[in-house]
Amino acid sequence: MMNFESYSHGWICKIVFLAFILLFPTAVLGDCTCESDEEDRNKTLALKYKLAAIASILVASAIGVCLPVLSKTIPALSPDRNFFFIIKAFAAGVILSTGFIHVLPDAFENLTSPCINPHPWSDFPFAGFVAMVSAIGTLMVDTYATSYYRKKSSGKTQVASGGEEGVVPVHTHATHGHAHGSVSIEDNSGETLLRHRVISQVLELGIIVHSVIIGIAVGASESPKTIKPLIAALTFHQFFEGIGLGGCITQAKFKSRAVAIMALFFSLTTPLGIVIGIGISNIYSDTSSTALIVEGIFNSASAGILIYMALVDLLSADFMSPKMQSNGKLQLGANVSLLLGAGCMSLLAKWA
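The rules behind each value
- Counting restarts for each chain, with residues numbered from 1 along the sequence as it is written.
- With the structure being a predicted model, the display of local features is reserved for residues of pLDDT at least 70 and the display and counting of side-chain atom pairs for 80 or more, all residues being used for whole-chain, interface and lining totals.
- Side-chain calculation: all heavy atoms of the structure are included, whereas hydrogens and water are not.
- By nonpolar core we mean a set of buried residues, namely Ala, Val, Leu, Ile, Met, Phe, Trp, Tyr and Cys, connected to one another through side-chain atoms within 4.5 Å.
- We call a residue buried when its accessible area falls under 20% of the maximum for its residue type, exposed when it is over 50%, and partly exposed in between, using a 1.4 Å probe and counting protein chains only.
- Helix numbers and strand numbers start at the N terminus; a helix is a DSSP run of H or I with at least 4 residues, a strand a run of E with at least 2.
- Note on scores: pLDDT gives the predictor's confidence for each residue, bounded by 0 and 100.
- It only takes one pair of heavy atoms within 4.5 Å for two residues to be counted as in contact.
- Residues counted as positive are Lys and Arg, residues counted as negative are Asp and Glu, and His and the chain ends are not counted.
- Salt-bridge detection follows one rule: a side-chain nitrogen of Lys or Arg within 4 Å of a carboxyl oxygen of Asp or Glu.
- An expected span of 1.5 Å times one less than the residue number is assigned to each helix.
- What we call the bend at a residue is the angle made by axes fitted to the seven residues finishing there and the seven residues starting there.

Draft legend 1. Spotlight on the nonpolar core. One finds L203, L245, I249, F254, M309, L314 and F319 to be the most contacted residues of the largest nonpolar core, which totals 39 residues. Counting residues per element, this core draws most heavily on helix α9 (residues 289-319), at 10 residues. Counting residues in hydrophobic clusters, the runner-up holds 10 residues, among them A46, V218, I227 and L234.

Right, here's the structure in full:
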């Protein structure tokens, strides 16, 4: 599966680079008459908070994404344990709340701002429309990627088995009464592994897109009053989002190099966004109409990806699994954990 890993990492890098290229020039175009709030600006104090945010978010992100990956040394976090399902449900609740409560409302705020032309942006709910299209697009990518690599994998299997596709050769020994042959469980296991690999890649893409936008916004702000509450909120957010992503990476069973790249990508994205925001803070205009439109569209797309992934690939896959369906206590624990994750992340919307 190395080709799959290299290819998917490549297109994630390209999309992140494209997002930055689009956001950077539009963020510095102050083509709106709206004025930013000047009252609580303190550049020196704001910079201290930004540096604290970089350190805090980097550590929390790294710990969060690495905890499930280290399940070999922490048995309780093994994907086979019930506790893993509980933690993953909590993290899925965080991701779902991020999409519904944090990212999508920001998109609506961006695209209905008085700083942009009301026609056509106020004539149609573009934020909801883009989120819907993004969710449908994620479904298509999810489906076609899985289908493509499944066919590719089955083709290799067919060649390796001498072209006997669909044949399950089994023979028995009368002397000791057991059977040898190809076992369909291996095929099912391979398909499940493939699904987890596609899920982890698409989920990371959705997380990275909104993390870059959040990081740039924090880094460009010069208001300590705005940044201070965001430090705790984003630290909590990244930690549990990291657990959700780390759980998917663990189930995907990537090679060590691919795991390290994905964990590094996730851990560095928001801090890197903050650094970029600091670099452009002198020329950044958070009331630029073009910047608001681009941010709104990216936020909408990110919300669609996160909502789809949380509901379909994380929650539905786990909650409808035989392991969950046959264990009443696990179902109760997972539901409570899901509500707690969604509730805690929703509460953070009061400050972030």
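Draft legend 2. Region of the structure containing the confidence of the model for the protein chain. Confidence in the prediction for the protein chain averages 80 pLDDT; 78% of positions are at 70 or higher. Between residues 26-32, whose pLDDT stays under 50, and residues either more than four places distant or in other chains, the model counts 21 contacts. Across residues 181-186, where pLDDT falls below 50, the model places 3 contacts with residues more than four positions away in sequence or in other chains.

Draft legend 3. Broad picture of the side chain of K50. Residue placement: K50 occurs in helix α2 (residues 43-69). Despite its burial, K50 remains without a salt bridge, the nearest opposite charge being carried by E222 at 5.7 Å. Among residues more than four places away in sequence, those in contact with K50 are V218, G219, A220, S221, I227, I274 and I278.

Draft legend 4. Helix α8 (residues 256-279), seen in detail. Between its first and last C-alpha atoms α8 spans 33 Å; for 24 residues at 1.5 Å apiece the expected length is 34 Å, and the two agree. At T269, α8 shows its largest bend, some 40°, and a proline, P271, comes one to four positions later. All of the buried residues along α8 are A258, V259, M262, A263, F266, S267, T269, T270, P271, G273, I274 and G277.

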